[in-house]
Amino acid sequence: MTDASRIIAGVILLTIVTIQFGGYFMTKIVRGQVPMTDFQKAFARAGHAHAGVLVILGLVGLLYVDHTTLTGVPLWIARVAIPLAAILMSGGFFASSAGKGRTEPNQFLWVLWLGAVSLAVGVVTLGIGLIVA
């Protein structure tokens, strides 16, 4: 594993503590200790789930990226776009559902879609990099 991938993986692993805190917060939500609308509960679940899954996918991607022949910008896209998607997509779910009594997404829904673009660009770049290596 290259030094760059190793350091990024270490930082990603440290973010798992925030996902754990989110899990604790989810237990408060499902027990009714945090007042939320059904929409907000659904977006909280989706944000938490996307964070966990995409962080794992980002770590797996780092194991693969060093087996490509990618260089320069495409290499860095393959390294960071998936972990960035974890931040943007989960953050988009949380931010777009913030606000007392909210029943539909607010103006921050674009953050979720930016994360979806980051995920698509990252997996396509990594996938092509692996195929042509």
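Here we summarise the structure given alongside this text. (Residues numbered from 1 in each chain as written. Predicted model: local features only at pLDDT ≥ 70, side-chain atom pairs only at ≥ 80, totals over all residues. Heavy atoms only, no water.)

### Here we look at the pattern of salt bridges
1) Next: Throughout the structure, instances matching the rule amount to two salt bridges.
2) Next: Of the charged contacts in the structure, one is a salt bridge between aspartate 3 and arginine 6, with a shortest N-O distance of 3.3 Å. Linking aspartate 3 with arginine 6, this pair stays in helix H1 (residues 3-30), spanning three residues, or about one helical turn.
3) Next: Of the residues examined, aspartate 3 reaches a relative accessible area of 51% and is grouped as exposed.
4) Next: Taking the relative accessible area as the measure of exposure, arginine 6 reaches 45% and is therefore partly exposed.
5) Next: Aspartate 66 is paired through a salt bridge with arginine 79; the nearest N and O atoms lie 3.2 Å apart. Of this pair, aspartate 66 sits in the loop between helix H2 (38-65) and helix H3 (72-96) while arginine 79 sits in helix H3, placing them 13 residues apart in sequence.
6) Next: The class for aspartate 66 is partly exposed, based on a relative accessible area of 24%. (Salt bridge = Lys/Arg side-chain N within 4 Å of Asp/Glu carboxyl O. Helix = DSSP H or I, 4+ residues; strand = E, 2+ residues; numbered from the N terminus. Buried < 20%, exposed > 50% of the residue type's maximum accessible area, 1.4 Å probe, protein only.)

### Some points on the packing of aromatic side chains
1) Next: Counted by the stated rule, this structure contains three aromatic pairs.
2) Next: Chaining the aromatic ring pairs together yields one cluster made of Phe39, Phe43 and Phe93.
3) Next: The ring of tryptophan 76 carries arginine 79 above its face, with NZ or CZ at 4.8 Å from the centroid. (Phe/Tyr/Trp six-rings, centres within 6.5 Å; stacked < 30°, edge-to-face > 60°. Lys NZ or Arg CZ within 6 Å of the ring centre and 35° of its normal.)

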